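Given next are the chains, with one letter for each unit.
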Amino acid sequence: MARLAVPLAALSGVLLALPFIHGGLFPLTWVAFVPLLAALRDASPGRAYRLGLICGLLFYGLGAFWIVEFLQHLWSPGPVVTTGLALLFWLYSAQLPALLMLTFQLLRRRTGWSALLLFPVLASLFFARFPMLFQAQLGESQSLFLTALQPLAWTGVHALDAVIALVNVLLYRWLFRPSRGRLIKDRAGLAAAAVPVLWLGLGSVLLHHWDHHGHDNASHRVGFVQENTPPGGASPAPGHGFAYPRALALSEPLARAGADLVVWPETGFDDYFAHPRVAAALRRSVAGLDAALIFQGMQVESGEQFNSAALIGRDGEEQGRYRKIQRVAFGEYLPLLEAFPRTGSRVREQLGGFFSKVSAGERPGRFAVAGLEALPLICYEALFPELVAGAARGGGAAELLVVLSNNAWFGASRQPYQHLNASVLRAVENRRPLLHVINNGPSAVVLPSGRRLLQSEYGQEAAYWVDIPATGSAADSFFTRHPTLFLDLILLLTALALARAMIGVIAYQRWPAFR
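What you see as residue numbers is a count from 1 along each chain, following the sequence as written. Under the rules for a predicted model, residues below a pLDDT of 70 receive no local features and side-chain atom pairs below 80 are neither given nor counted, while totals for whole chains, interfaces and linings still include all residues. Processing note: side-chain calculations cover all non-hydrogen atoms of the structure and skip hydrogens and water entirely.

(A) Structural view of the pattern of salt bridges. A pair is scored as a salt bridge if a Lys or Arg side-chain nitrogen falls within 4 Å of a carboxyl oxygen belonging to Asp or Glu. Tallied over the full model, the rule gives 14 salt bridges. Between Arg129 and Glu386 there is a salt bridge whose closest N-O contact spans 3.6 Å. Of this pair, Arg129 sits in helix H7 (residues 115-129) while Glu386 sits in helix H17 (residues 385-392), placing them 257 residues apart in sequence. In this structure, Asp260 and Arg314 form a salt bridge, with 3.3 Å as the shortest nitrogen-oxygen distance. One end of the pair, Asp260, is in the loop between helix H13 (246-256) and strand E2 (261-263); the other, Arg314, is in the loop between strand E4 (304-312) and strand E5 (318-323), with 54 residues separating them in the sequence. Per the convention used, a helix needs a DSSP run of H or I reaching at least four residues, while a strand needs a run of E reaching at least two, with both numbered from the N terminus.

This is the structure:
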């Protein structure tokens, strides 16, 4: 097995990447770690790190190959620098599985704990808390596996990560450890197997409930626009201006179709916030539409810049603003350089205009529109389960999570689909319908069950309207009320494992009887 360790680790990386490249391959995630676990047999912690690194390089090199197009659109530094930065990004991202395997192998030796407990705990913790530029969870590869998603309303995505890791350990145990892994004799394995069986059984019952009883008879007609503008925006289209943008022309048939609310993507309608005449013209146009409008732009106030969303009511009056809370590192702020303003300014000048200094908002937004409460989120805020739960907490049945994104920076890659797949999980976790509007698509309306009521085509300028059913209950989901509960349990178990390992080391060093 030692001679096959490197190919097995590489195979795990490929199996992990494929479901993120094509959502229909989601079953592969449930077996992806099996080759790597087989490669780790009798490996030292250092070798476990190296094997995890090989797995991670394939995982992120394939699953996040879009970083190349991102760098080209973002900065255009040339092929040599682009390749170097992409390799640096993949190498850093690969530290997640590398350090996961190092920690797993080390604690397994020091604690004597079963891999059935230790690996799911550590996998859930690392995917939840390892600092990443673009956060991603194992569970996001399961956005089409609706049965597996339903318990997220109780636990959140991090528990699904743990269940996936547990299934991988069970398969490894039964396939590669025949002396201990025979099904009839493996009582511990059979007991652990009850967890994924109960998870999927509960998911099947909950999915049936939400498909047949999860909505009341009320619905809200909502429209959205895909502008399909290039990275960084574009000059006004012929026949349009900053006071009458193309998105407004695309919104007019949506209003005529009876949409109470129209949503524009994150395409930076900054002139509304900067020029009073443009703002007044847009408000008059919205009043003529007879439909409310949510849009995004950069707002400057007291020398600070905020990535903001605004609501203009159907009467033409502005009724609320939301300032983005979770900023994108290296896009909206430069980590570690905020404490050194002069140095940060010089670095931003060298790296290009995309690297702006954006301040963080302080509180979630809640827009009231024609009996509907829209909860605005901007860009990558949809990747953070606890943040979205905080925005949804304490609302009513007629709520709609609204995500405004511009993914044109990533070109014709899989990244917009990966972003949308993550949003699907936020709808299930909070049992609220969700509208994710992406500038270049694919945009989607997602029901609280995770089913996609509508998904638009990628790369097309278009306008859509859809009747979104209200949820049948005004109660928050258990996860919405307690979004950190499962991770708190994971942290507690990890602390116990570390304490057990440290006690073992001390005992080994100080008392010969323990050797």
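(B) Representation of the pairing of strand E9 (residues 434-438). For E9, the tally of buried residues reaches five of five residues, placing the bulk of the element in the interior. Only protein chains enter the calculation, and the probe is 1.4 Å; a residue is then buried if its accessible area is under 20% of its type maximum, exposed if over 50%, and partly exposed in between. Of the two faces of E9, the one lined by Leu434, His436 and Ile438 and the one lined by Leu435 and Val437 are each fully buried. In short, DSSP must find at least two bridges between two strands for them to pair. In this structure, strand E8 (residues 399-405) lies alongside E9, joined through five bridges in parallel fashion. The residue bridging Val402 from the neighbouring strand is Leu435, located in E9. By convention, a crossover is right-handed whenever its connection, traced from the first strand over the helix to the second and viewed with the strands pointing away, goes clockwise. Handedness of the crossover joining E8 and E9 through helix H18 (residues 415-430): right-handed. Where E9 and strand E10 (residues 444-446) come together, three bridges link them in antiparallel fashion. Each residue of the ladder has a partner; that of Leu434, found in E10, is Val446. Hairpin connection, E9 to E10: the antiparallel pair is bridged by five residues, and Gly441 has positive phi, about 80 degrees.

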